[in-house]
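Read off the chains here:
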Amino acid sequence: MAASLTTRQVENVTVIDAAGRIVIGESATALQALLRRLTAEEHKRIVLNLGGVSFMDSAGIGELVGCYASASRKGTKIKICELTRRVSDLFQVTHIYNILDIYQREEDALQSFRQPR
């Protein structure tokens with residue numbers, strides 16, 4: 001199944017719900033394009049819910065890390081949540097947990113934006 005990406009607003013946070021496979025080609029490129037568009041449109045708080053993602057390859061991880069870094073430089077915060085077991089294992093093996101801001105539940109990611117700085 002190719003990746004499906006939908007967006008919704010929760011208070012002042014844009015939530016991206018991803019489902020399917022984020023792999024080299026169209027799905028990784030679609031995620032990159034969506035994150036870049038949201039950043040360009042001044043969305044400063046984004047939660048990427050990966051609860052429906054069954055698989056992600058190195059291209060998907062590369063796009064995610066690249067977008068995360070680019071968005072951070074522009075003042076946009078991206079928080080990742082709801083990792084499936086397979087994606088969580090991949091993030092651990094590749095040490096992505098050390099780079100990205102990851103939460104177990106979407107509510108936890110949303111709550112982190114509500115915390116005073």
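What this report covers is the structure whose coordinates are included nearby. All of these numbers come straight from a predicted model, not from anything done at the bench.

## Brief notes about the packing of helix H1 (residues 26-40) against helix H2 (residues 58-73)
Thinking step 1. At their nearest, the axes of H1 and H2 sit 9 Å apart, and the two run at 10° to each other. Looking at the two axes, H1 sits roughly parallel to H2. Listed contacts from H2 to Ala-28, Leu-31, Gln-32, Leu-35 and Thr-39 of H1 are Ala-59, Gly-60, Glu-63, Leu-64, Cys-67 and Ala-71.
Thinking step 2. Residue composition of the contact of H1 with H2, by class: 7 nonpolar, 3 polar and 1 charged.

## Notes on the packing of aromatic side chains
Thinking step 1. Tallied over the full model, the rule gives 1 aromatic pair.
Thinking step 2. Ring plane angle 80° and centroid distance 6.3 Å describe the contact between Phe-91 and Tyr-97, whose orientation is recorded as edge-to-face.
Thinking step 3. The residue whose ring lies beneath Lys-79 is Phe-113, and the NZ or CZ to ring-centre distance is 4.6 Å.

## Points about the side chain of Thr-39
Thinking step 1. Considering the arrangement of structural elements, one finds Thr-39 in helix H1.
Thinking step 2. Overall, Thr-39 belongs to the buried group, its relative accessible area being 9%.
Thinking step 3. With residues near it in sequence (within four places) discarded, Thr-39 still touches Ala-71, Lys-74 and Thr-76.

Calculation criteria
- Every chain is numbered on its own, with residues counted from 1 as its sequence reads.
- Local features are withheld for residues below a pLDDT of 70 in this predicted model, meaning they are given only at 70 or higher, and side-chain atom pairs are given and counted only at 80 or more; totals for whole chains, interfaces and linings count all residues.
- Each side-chain value is derived from all of the structure's non-hydrogen atoms; neither hydrogens nor water enter the calculation.
- Fitted lines through C-alpha atoms serve as axes, helices being fitted only where they are in contact, and the angles separating the N-to-C directions of these axes extend from 0 to 180 degrees.
- Strands are runs of DSSP state E lasting at least two residues, helices are runs of H or I lasting at least four, and both sets are numbered from the N terminus onward.
- For classification purposes, an angle smaller than 35 degrees is called roughly parallel, one larger than 145 roughly antiparallel, one from 65 to 115 roughly perpendicular, and anything else oblique.
- Residue contacts are defined here by distance: any two heavy atoms, one from each residue, within 4.5 Å place the two residues in contact.
- Under the grouping applied here, Gly and all other residues not named as nonpolar or charged are polar, the nonpolar ones being Ala, Val, Leu, Ile, Met, Phe, Trp, Tyr, Cys and Pro and the charged ones Asp, Glu, Lys and Arg.
- Ring pairs are drawn from Phe, Tyr and Trp, using the six-membered ring of Trp, whenever the two centres fall within 6.5 Å, and their geometry is named by plane angle: stacked under 30 degrees, edge-to-face over 60, tilted for the rest.
- Only lysine NZ and arginine CZ atoms are considered, and such an atom sits over a ring when it is within 6 Å of the ring centre and within 35 degrees of the ring normal.
- The buried label applies to any residue whose accessible area, calculated with a 1.4 Å probe on protein chains only, is under 20% of its type's maximum; exposed applies above 50%, and partly exposed to all values in between.

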